[in-house]
Amino acid sequence: MNYKRQFIDALHSRNRVRLTFNSKEDGRALTRECAPLDFAPGTRSSNKDDRFQFWDYDSDQGAHVLSLLPEQVVNLEVLATSFAPSEFVKWKPNWKVPRNWGRYS
């Protein structure tokens, strides 16, 4: 299934999502509550294909940005819970997907 439209809609409405994805690290599917950040090329990988980028609220490690290729996404459910970009955007934004997030745009 193509989850890009749901992802973009959640990004614009600032709704959290429940994401299930195939984790390469864990070798199994994981489910996390996340905020959609961007759909853009990977910056830390040799594969520069566009990928979903999320803020992972459930991360058990220091790095909370989750970057996934579309084929890794198993399910994406938009939640009624909203998020505020100020919760996690602590860098100078350079988003590929335009948005109206005020100073976090």
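The structure this text deals with has already been given above.
As the structure is a computational prediction, the values presented were derived from the model and not from experiment.

Criteria and cut-off values
- Residues numbered from 1 in each chain as written.
- Predicted model: local features only at pLDDT ≥ 70, side-chain atom pairs only at ≥ 80, totals over all residues.
- Heavy atoms only, no water.
- Pairing = 2+ DSSP bridges.
- Helix = DSSP H or I, 4+ residues; strand = E, 2+ residues; numbered from the N terminus.
- Axes fitted to C-alpha atoms, helices over the stretch in contact; angles between N-to-C directions.
- Contact = heavy atoms within 4.5 Å.
- Salt bridge = Lys/Arg side-chain N within 4 Å of Asp/Glu carboxyl O.
- Buried < 20%, exposed > 50% of the residue type's maximum accessible area, 1.4 Å probe, protein only.
- Phe/Tyr/Trp six-rings, centres within 6.5 Å; stacked < 30°, edge-to-face > 60°.

## Describing the pairing of strand β2 (residues 28–41)
At step 1: Judged from the seven bridges that link them, strand β1 (residues 15–23) and β2 form a sheet pairing that is antiparallel. Residue pairing in the sheet places T20 in a bridge with T31 of β2.
At step 2: Where β1 hands over to β2, the hairpin turn is made up of four residues, of which G27 adopts a positive phi near 70°.
At step 3: Pairing of β2 with strand β3 (residues 50–56), which is carried by seven bridges, proceeds in the antiparallel orientation. From the neighbouring strand, P41 faces β3, where its bridge partner is D50.

## Looking at the sheet that holds strand β5 (residues 73–82)
At step 1: Strands sit in the order β4-β3-β2-β1-β5 across an open sheet of five strands; the sheet is antiparallel. Of all the strands in the sheet, just β4 (65–68) and β5 have a single pairing partner and so form its edges. The sheet shows a mean angle of 45° between the axes of neighbouring strands, direction not considered.
At step 2: Pairing between β1 and β5: six bridges, direction antiparallel. Within β5, the residue paired with L19 across the bridge is L76.
At step 3: Strand contacts of helix α1 (residues 4–13): β1, β2, β3 and β5, with the helix running at about 70° to β2, the strand carrying the most contacts.

## Brief notes about the pattern of salt bridges
At step 1: Tallied over the full model, the rule gives seven salt bridges.
At step 2: For E87, the salt bridge is made with R16, and the minimal N-O distance between the two is 3.5 Å. Of the two residues, E87 is situated in the segment after β5 and R16 in strand β1; the sequence distance between them amounts to 71 residues.
At step 3: Look at R16 and you get buried, because its relative accessible area is 16%.
At step 4: Residue R32 is joined to D56 by a salt bridge in which the shortest nitrogen-to-oxygen separation is 3.2 Å. Linking R32 in strand β2 with D56 in strand β3, this pair joins segments that are 24 residues apart in sequence. Accessibility assignment for this pair places R32 and D56 in one class, buried.
At step 5: Each of the salt bridges in this network shares a partner with another, and the network as a whole consists of R16, E33 and E87.

## With respect to the packing of aromatic side chains
At step 1: Tallying each qualifying case throughout the model produces 10 aromatic pairs.
At step 2: Centroid distance Y57 to F88: 6.3 Å. Interplanar angle 75°. Geometry classified as edge-to-face. Taken together, the positions of Y57 in the loop between β3 and β4 and F88 in the segment after β5 put the pair 31 residues apart, joining distant regions of the chain.
At step 3: On the basis of relative accessibility, which here comes to 2%, the residue F88 falls in the buried class.

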